[in-house]
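Coordinate inspection notes
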Amino acid sequence: MRTQLSMKPTGWFQVAWSADIGIGDVVPLRYFGEDLVAYRGLDGALRIHDAYCQHLGANLAYGGCVVEGGIQCPFHGWVWGPDGNNTHIPYQERTNKARHVRAWTVVERNECVYLWHDAAGGKPTWDVPDALADMGEHVSERDFHPAFPVGREHFTDLQVHPQVVAENAVDPHHFRFVHRTPISPVVLAERADGATWYARVGFGRRWAADPGRDPEGRDTLNTLVILWSGLGVSFNAEQLKEGIRVIAICTTPVDDDQSEIFATYWADRVEADAVPGNYEQRIAQAKAALPDDIKIWNHQKFLEPPGLATSEAAGFRKLRRWAQQFYPAAALAGHLEGEP
């Protein structure tokens, strides 16, 4: 990883899609340098634990099975409950109250599975946004196709830090050179509020000619609304003549060197979707831009401080100050001490 930034920031991070883990399914995961096991209980609830049974260290994700009381180890049949406590040992009546399999905090929303990560073990301090309800009235008033199955992409084996992706929120000029827009979009609104970063960007000459023409944000045509929730979860909603599309780009560290990106795409239901293939074409168009970004991010070195043009300096500096809150204090101090 070409950065001094910690790969263990605090926040919500996507680790799966809900549709991929059915009742009784057991799935191995690895994120933040930890081997994990995800399973959907017989009650329908999704749970994620550390992978290793605290009896003799068998990996619950390989051969473990879902039972009435939780997940059963494939080695000796010990059962670990939803809270991580041992609930059953087949060959004795007394359970082991001294050992515990860590239970991670999980939320299912937006057809996705989000894991709360805090290296210090802290509880969640904010909630995961609703992709289709929290992006503005022009989005929440529409009806959307589900993302499953065609509106999803999973990029693995990356060397992309989550903050590098977040900085796209203050980088309007990359659109000209990476995505070949005729002119750079203009930032119409931008604010940070706790763990949330919000921006609204306008595309096209009418916005470039008069960025202040709609201070209340009622004109949403050819605009992009950007919402970050920490460094791990982001949504953008773009309104085009053809309709509205909402895209989630969620970067999750695997370990200190690798990461993955989960991309989820929603398109609103429009009359033109009655034509066979129209919806699929809209999703394909929505998917076209991200691979070009990833090609840059995956080979990018994080510079601190960067050499910034005057017009972009304020946005980058503001976002980097906002991002500092998500890093463990010791890791952040070490990074700042290493600044030129």
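To keep things clear, this report deals only with the structure shown in the data block.

1. Things to note about the sheet that holds strand β10 (residues 106–109)
- The three strands lie next to each other as β1-β11-β10, forming an open sheet whose pairing is antiparallel. In this open sheet, the two edge strands, each paired with only one partner strand, are β1 (11–17) and β10. Averaged over all pairs of adjacent strands, the angle between strand axes in this sheet comes to 30°, irrespective of strand direction.
- Pairing analysis gives four bridges linking β10 to strand β11 (residues 112–117), with the strands arranged antiparallel. Its bridge partner being in β11, E108 is matched across the sheet by V113.

2. Description of the nonpolar core
- The biggest cluster of nonpolar side chains holds 78 residues, and the ones touching the most others in it are I48, I261 and L290.
- Here I48 is in contact with V15, L29, L36, V37, A38, R102, A103, W104, V106, V113 and L115, once residues within four sequence places are set aside.
- Grouped together as the second largest cluster of nonpolar side chains are 13 residues, C53, A58, I71 and C73 included.

3. Considering the side chain of R200
- Topologically, R200 is positioned in strand β14 (residues 196–202).
- The class of R200 is buried, set by a relative accessible area of 7%.
- Contact partners of R200, with chain neighbours within four places excluded, come to V186, V187, L188, A189, W207, D214, P215, G217, D219, T223, L224 and V225.

4. Focus on the pairing of β11
- Where burial is concerned, most of β11 is hidden: six out of the six residues are buried.
- For β1 and β11, the ladder comprises six bridges, and the chain directions are antiparallel. Paired with A16 across the strands is V113, a residue of β11.
- The hairpin turn running from β10 into β11, its antiparallel successor, is two residues long, and N110 in that turn takes a positive phi close to 60°.

5. Regarding the state of the cysteines
- Within this structure, the stated rule accounts for zero disulfides.
- As a non-bridged cysteine, C65 has C73 as the owner of its nearest cysteine sulfur, 9.4 Å distant.
- Judged by relative accessible area, C65 falls into the partly exposed class, the value being 31%.

6. Some thoughts on the packing of aromatic side chains
- What the rule picks out here adds up to nine aromatic pairs.
- Judged by centre distance (5.1 Å) and plane angle (80°), the ring pair of W116 and W126 falls under edge-to-face. Of the two residues, W116 sits in strand β11 while W126 sits in the loop between β11 and α1 (137–140), which places them ten residues apart along the sequence. Across the pair, W126 and W116 agree in class, each one buried.
- Taken together, the aromatic side chains of W12, W116, W126, W197, W322 and F326 make up a single cluster linked through ring pairs.
- One cation-aromatic arrangement involves R191 over Y198; the distance from NZ or CZ to the ring centre is 4.1 Å.

7. What about the layout of surface pockets?
- Quantified by volume, the largest pocket comes out at close to 680 Å³.
- Taken together, 29 residues line the largest pocket, and the ones lying closest to its centre are F175, H179, L224, N236 and A289.
- Of all the secondary-structure elements, those providing two or more residues to the lining of the largest pocket are α3 (174–178), β15 (223–229), β16 (233–240), β17 (243–253), α5 (278–287) and α6 (290–297).
- Sort the elements by how many residues they give to the lining of the largest pocket and β16 lands first, with five residues.
- Of the residues belonging to the lining of the largest pocket, the class tally is 18 nonpolar, seven polar and four charged.
- Taken as a whole, the second largest pocket encloses approximately 350 Å³ of empty space.
- What lines the second largest pocket is a set of 19 residues, among which E167, N168, D171, Q300 and F316 lie closest to the centre.
- Elements with a minimum of two residues in the lining of the second largest pocket: α3, α6 and α7 (310–323).
- Of the residues contributing to the lining of the second largest pocket, the split by class is nine nonpolar, four polar and six charged.

8. Brief notes about the pattern of salt bridges
- Summed over the entire model, instances satisfying the criterion amount to 15 salt bridges.
- A salt bridge links D50 to R102; the nearest nitrogen and oxygen atoms lie 3.1 Å apart. Linking D50 in strand β4 (residues 46–50) with R102 in the loop between β8 (86–88) and β9 (103–104), this pair joins segments that are 52 residues apart in sequence.
- Its salt-bridge partner being R269, residue D143 comes within 3.1 Å of it at the nearest N-O pair. Taken together, the positions of D143 in the loop between α1 and β12 (152–158) and R269 in the loop between β18 (259–267) and α5 put the pair 126 residues apart, joining distant regions of the chain.
- According to the relative accessible area criterion, R269 is partly exposed, its value standing at 43%.
- Where salt bridges share partners, they join R142, D268, D273 and R282 into one cluster.

About the criteria used
Residues numbered from 1 in each chain as written. Predicted model: local features only at pLDDT ≥ 70, side-chain atom pairs only at ≥ 80, totals over all residues. Heavy atoms only, no water. Pairing = 2+ DSSP bridges. Helix = DSSP H or I, 4+ residues; strand = E, 2+ residues; numbered from the N terminus. Axes fitted to C-alpha atoms, helices over the stretch in contact; angles between N-to-C directions. Core = buried A, V, L, I, M, F, W, Y, C linked by side-chain atoms within 4.5 Å. Buried < 20%, exposed > 50% of the residue type's maximum accessible area, 1.4 Å probe, protein only. Contact = heavy atoms within 4.5 Å. Disulfide = S-S within 2.5 Å. Phe/Tyr/Trp six-rings, centres within 6.5 Å; stacked < 30°, edge-to-face > 60°. Lys NZ or Arg CZ within 6 Å of the ring centre and 35° of its normal. 1 Å grid on protein atoms, 1.4 Å probe; cavity = no way out; pocket = protein on both sides within 12 Å on 5 of 7 lines; lining within 4 Å. Points joined across faces, edges and corners; volume = space filled by probe spheres on them. Nonpolar A, V, L, I, M, F, W, Y, C, P; charged D, E, K, R; others polar. Salt bridge = Lys/Arg side-chain N within 4 Å of Asp/Glu carboxyl O.

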